Amino acid sequence: EAGVAQSPRYKIIEKRQSVAFWCNPISGHATLYWYQQILGQGPKLLIQFQNNGVVDDSQLPKDRFSAERLKGVDSTLKIQPAKLEDSAVYLCASSLGGRYTSNYGYTFGSGTRLTVV
Amino acid sequence: AQSVSQHNHHVILSEAASLELGCNYSYGGTVNLFWYVQYPGQHLQLLLKYFSGDPLVKGIKGFEAEFIKSKFSFNLRKPSVQWSDTAEYFCAVIPYNQGGKLIFGQGTELSVKP
């Protein structure tokens, strides 16, 4: 099966600019996640979608970050305006949802490496 | 605060040495446990998982992990490492009744010298 697709792979922007990342999960996966992985740290969950509804966005800095999952398939994550501390790899993951998630975990995309200068 | 802790930030081994990476979690109740690996420039891949049954689980590439409930631990082991095992290893937990949220430790970087 095709994996989780993310684009772009790399992005360099200046602080205060805006940026958007795109994710296409595995077909049929109801649950989609965005994680932020800062260098030297483990991934941190930003937002979790179940179909096109938000399940958990408690860790999302909502003053500058936004995410949507229209039609319950693809998702975009936006940062506006970006700060230096937003430099990180942004990972998208998907899972079947429900008990399948607990038993089988997630499938991750390759990530987008963002550098804010 | 509830968390996942990995004891070692960076481990350096010679080929054929044995490996054990520590992982402890602080969530009560039922948990599902995972180890992921991230090779340089690649995405996170699942090494192995535990959700019930035999606490000793075997994964890909000769890795295994043991769940010790009384110690809240899920240590990763490999009897003989290879240069190709050089990667970052992440322990992760899905606590019960938290909506399937996967929570990661901070990672352990493994460097294997040929």
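Residues numbered from 1 in each chain as written. Chains lettered and ligands numbered in written order. Predicted model: local features only at pLDDT ≥ 70, side-chain atom pairs only at ≥ 80, totals over all residues. Heavy atoms only, no water.

Undergrad: Honestly, the overall build of chain A in this entry has me stumped. Any pointers?
TA: Along its length, chain A carries one helix and 11 strands. Beginning at the N terminus, the succession of helices and strands in chain A can be written as β-β-β-β-β-β-β-β-β-α-β-β. The C-alpha radius of gyration computed for chain A amounts to 14 Å, which stays within 12% of the reference 13 Å derived for 117 residues, consistent with globular compactness. Per-residue burial over chain A gives 47% buried out of 117 residues. When contacts within chain A are restricted to residue pairs at least 6 apart in sequence, long-range pairs at least 24 apart make up 54% of them. With an accessible surface of roughly 5800 Å², chain A has 50% of that area assigned to carbon and sulfur atoms. Positive and negative charge centroids in chain A, built from 13 and 9 side chains respectively, lie 2 Å apart. (Helix = DSSP H or I, 4+ residues; strand = E, 2+ residues; numbered from the N terminus. Rg over C-alpha atoms; globule rule 2.2 N^0.38 Å. Buried < 20%, exposed > 50% of the residue type's maximum accessible area, 1.4 Å probe, protein only. Contact = heavy atoms within 4.5 Å. Areas by Shrake-Rupley, 256 points an atom, 1.4 Å probe, with all protein chains shown as cover. Lys, Arg positive; Asp, Glu negative; His and termini not counted. Charge placed at Lys NZ, Arg CZ, Asp CG, Glu CD.)

Undergrad: Got a minute to help me understand the sheet that holds strand β1 (residues 5-7) of chain A in this structure?
TA: In any sheet, the strands associate via hydrogen bonds between backbone groups, in a parallel or an antiparallel arrangement. All names here are of chain A. On the basis of which strands lie adjacent, the open sheet formed by four strands has the order β1-β3-β8-β7 and antiparallel pairing. Of all the strands in the sheet, just β1 and β7 (65-68) have a single pairing partner and so form its edges. Strand-to-strand twist of the sheet, defined as the mean angle between neighbouring strand axes without regard to direction, takes the value 15 degrees. One ladder, built from four bridges, connects β7 with strand β8 (residues 75-79); its direction is antiparallel. Residue Glu68 lies in a different strand from β8, and its bridge partner there is Thr76. (Pairing = 2+ DSSP bridges. Axes fitted to C-alpha atoms, helices over the stretch in contact; angles between N-to-C directions.)

Undergrad: What's the story with the pattern of salt bridges in this structure? I'm lost.
TA: Two side chains with opposite charge may pair up if their charged atoms get near one another. All names here are of chain B. With the rule as written, the count across this model stands at seven salt bridges over all chains. For the salt bridge of Glu64 with Lys58, the shortest nitrogen-to-oxygen distance reads 2.9 Å. By relative accessible area, which is 19% here, Glu64 ends up buried. The partner of Arg77 in a salt bridge is Glu64, and the shortest N-O contact between them spans 3.5 Å. Of this pair, Arg77 sits in strand β9 (residues 73-78) while Glu64 sits in strand β8 (residues 64-68); the two residues are 13 residues apart in sequence, bridging distant segments of the chain. Judged by its relative accessible area of 22%, Arg77 is partly exposed. Sharing partners across several salt bridges, the network here consists of Lys58, Glu64, Glu66 and Arg77. (Salt bridge = Lys/Arg side-chain N within 4 Å of Asp/Glu carboxyl O.)

By themselves, these are just geometric observations and shouldn't be taken as functional.
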